[in-house]
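# Close look at the chain arrangement
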Amino acid sequence: MSQEWNIRSRGHVCTICQQPLLDKSLVVSALKDTGEGYERFDCHPECWKVTERDWQPFSQWDGVYLAPAKEVKKEPLKKEDAGELLRKLVTLDDPAMKNVVYVLAVMLERSKILVERDAKRRDDGLIRRVYEDRKNGDTFVILDPGLRLENLGEVQQQVVALLSGTKTLGEVASEDEAADTATA
Ligand SMILES: [Zn+2]
């Protein structure tokens, strides 16, 4: 079974030479599609350039490595909750939640928590988008379910209900399944 989304954390050492990545230095990140998931590379630009590869990255981008902050700063509660919710949903990997996962990722992108790094169209026409957490560099590979505009508001309400705790993940998942059956 192909995974529709994935989380890959940013490394703290260069994938190629295994030497530490330096705070605020340039880093080349790439995802390799292994057929069963994604292998992540974080490398010194020089190492990436001089190393020969017999594979094409699924996705590749330039970023800046930030060393983990020693002190955890207080963030607005809402943003933290949204990021945690996305992490939980991506880990659950439940196809019934694909609309919610996508809309939540877009909301986090608009709040400048995530940045879109790449987009790839699959054979079936749907788009897989690669989002990166601006702060800790984690990558989320998320399927764009091709939501129609008239369904967007409903999904946004589900996300808000999850964030405010008025609905559980199970309730939202069963709503989504019912909606899929109705439109099929
Ligand atoms: Zn290196």
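Residues numbered from 1 in each chain as written. Predicted model: local features only at pLDDT ≥ 70, side-chain atom pairs only at ≥ 80, totals over all residues.

The next point concerns the overall build of the chain. A count of helical and extended segments in the chain gives five helices and seven strands. When the helices and strands of the chain are listed from N to C terminus, the series reads β-β-β-α-β-α-α-β-β-β-α-α. Relative to its 184 residues, the chain shows a buried fraction of 28%. Here the contacts in the chain between residues at least 6 apart in sequence split such that 59% fall between residues at least 24 apart. (Helix = DSSP H or I, 4+ residues; strand = E, 2+ residues; numbered from the N terminus. Buried ≥ 20, exposed ≤ 12 C-beta atoms within 10 Å, placed from the backbone. Contact = placed C-beta atoms within 7 Å.)

Phi is positive for K24, close to 65°, though the residue is something other than glycine. Checked against the element boundaries, K24 lands in the loop between β1 (6-8) and β2 (25-33). For D93, which is not glycine, the phi dihedral falls at a positive 55°. Along the polypeptide, D93 turns up in the loop between α2 (77-92) and α3 (98-110).

Turning our attention to the environment of A161. The residue A161 is located in helix α4 (residues 149-164) in this model. The exposure class of A161 is partly exposed, given the 16 C-beta atoms found within 10 Å. In this structure the C-alpha to C-alpha distance between A161 and V172, which are eleven residues apart in sequence, comes to 8.9 Å. Those residues in contact with A161, other than ones at most four positions away along the chain, are T166 and K167.

Between its terminal C-alpha atoms α4 stretches 23 Å, which fits the 22 Å expected from 16 residues at 1.5 Å a residue. Among the residues making up α4, those that are buried are V155, Q158, V159 and L162. All buried residues of α4 project into a common sector of 100° when viewed along the axis, lining one side. The outward face of α4, more than 90 degrees from its buried face, is lined by the exposed residues L149, E150, G153 and S164. Looking one or two residues beyond α4, the residue adopting positive phi is G165, at roughly 80°. (Expected span 1.5 Å × (residues − 1). Arc of directions from axis to C-beta.)

Moving on: α3. In this model α3 runs 19 Å from its N-terminal to its C-terminal C-alpha over 13 residues, within 8% of the 18 Å that 1.5 Å per residue would give. α3 sits mainly inside the fold: ten of its 13 residues count as buried. Within the span of α3, buried status applies to K98, N99, V100, V101, Y102, V103, L104, A105, V106 and L108.

The topology assignment puts C47 in helix α1 (residues 45-50). A residue is classified by how many C-beta atoms lie within 10 Å of it, and C47, with 16 of them, is partly exposed. Taking C-alpha positions, C47 is 6.5 Å from I16, a pair spaced 31 residues apart along the chain. The contacts of C47, once residues within four sequence positions are left out, are C14, I16 and C17.

In space, the three strands of this open sheet follow the order β3-β2-β4, with antiparallel pairing throughout. In this open sheet, the two strands that pair with only one neighbour each are β3 (38-43) and β4 (59-65). Strand after strand, the sheet turns through a mean of 25° between neighbouring axes, direction not considered. Pairing of β2 with β3 involves six bridges; the strand directions are antiparallel. Considered in β3, the bridge of D33 is made with Y38. (Pairing = 2+ DSSP bridges. Axes fitted to C-alpha atoms, helices over the stretch in contact; angles between N-to-C directions.)

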